[in-house]
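# Structural description and commentary
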Amino acid sequence: MDSKKKRKRMLKNSQSGFTLVELLVVIVVLAVLAAIVLPKFMDSGKRSKEAALKSDLKLLRNAIVLFHTDTGYYPKDLADLAATSAPATGLDSSGTERPITASMWHGPYIQELPKDPIDASDFWYGKSGADIGKVRSQAPGNGVDGTAYSSW
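Now for a look at the structure at hand. Predicted, not measured: the structure shown is a model, and the values here were computed from it. (Residues numbered from 1 in each chain as written. Predicted model: local features only at pLDDT ≥ 70, side-chain atom pairs only at ≥ 80, totals over all residues. Heavy atoms only, no water.)

## Quick notes on the pattern of salt bridges
Under the criterion given, the structure shown has five salt bridges. Two residues, D122 and K115, come together in a salt bridge whose shortest N-O distance is 2.5 Å. Residue classification places D122 among the partly exposed residues on the basis of a relative accessible area of 44%. (Salt bridge = Lys/Arg side-chain N within 4 Å of Asp/Glu carboxyl O. Buried < 20%, exposed > 50% of the residue type's maximum accessible area, 1.4 Å probe, protein only.)

## Focus: the environment of P75
For P75, the position within the fold is in strand β1 (residues 74-75). Each C-alpha atom of the pair P75 and L91 lies 6.1 Å from the other, and the pair is 16 residues apart in sequence. When residues no more than four places from it in sequence are discounted, the contact partners of P75 are I64, F67, D80, L81, L91 and Y125. (Helix = DSSP H or I, 4+ residues; strand = E, 2+ residues; numbered from the N terminus. Contact = heavy atoms within 4.5 Å.)

## Some points on the packing of aromatic side chains
Counted under the stated rule, the structure contains three aromatic pairs. Between F67 and Y109 the ring centres are 5.6 Å apart and the planes differ by 65°, which places this aromatic pair in the edge-to-face class. Taken together, the positions of F67 in helix α3 (residues 44-71) and Y109 in the loop between β3 (97-99) and β4 (124-125) put the pair 42 residues apart, joining distant regions of the chain. Y109 gets classed as buried once you look at its relative accessible area, which sits at 14%. The interplanar angle of 80° and the centroid separation of 5.2 Å between the aromatic rings of Y149 and W152 together place this pair among those described as edge-to-face. (Phe/Tyr/Trp six-rings, centres within 6.5 Å; stacked < 30°, edge-to-face > 60°.)

Rendered as structure tokens:
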């Protein structure tokens, strides 16, 4: 009877754990999964800043279009989009300052002027030539897609 108890104990002890090979297989599987998943999350901060940049550029461009539609002129500065009263002048298509009729202005067109989320700088705003009324990022470098931020 005593030998039967010993044999049961030995069988119980030998079945109650994982072998070294089983543990190594689990570790290798976890490492492979981590190698697949981690790179997708590594640049998520950069992608979120880029999404915010695209959103801010779209907001500013829409506000410029509304300003131009209402007044017939482009804002003299981006700050005119957030002004609480009609600015005195705007820019015509040649970049010449022209007086704005206050009754035509229906602003403010944005609550506040955003900063570039990539490098916290001011946005570039075109005031002459073919660039009048255009806005873009001044941030150095390229996005995840390889294009320069300044071309967005």
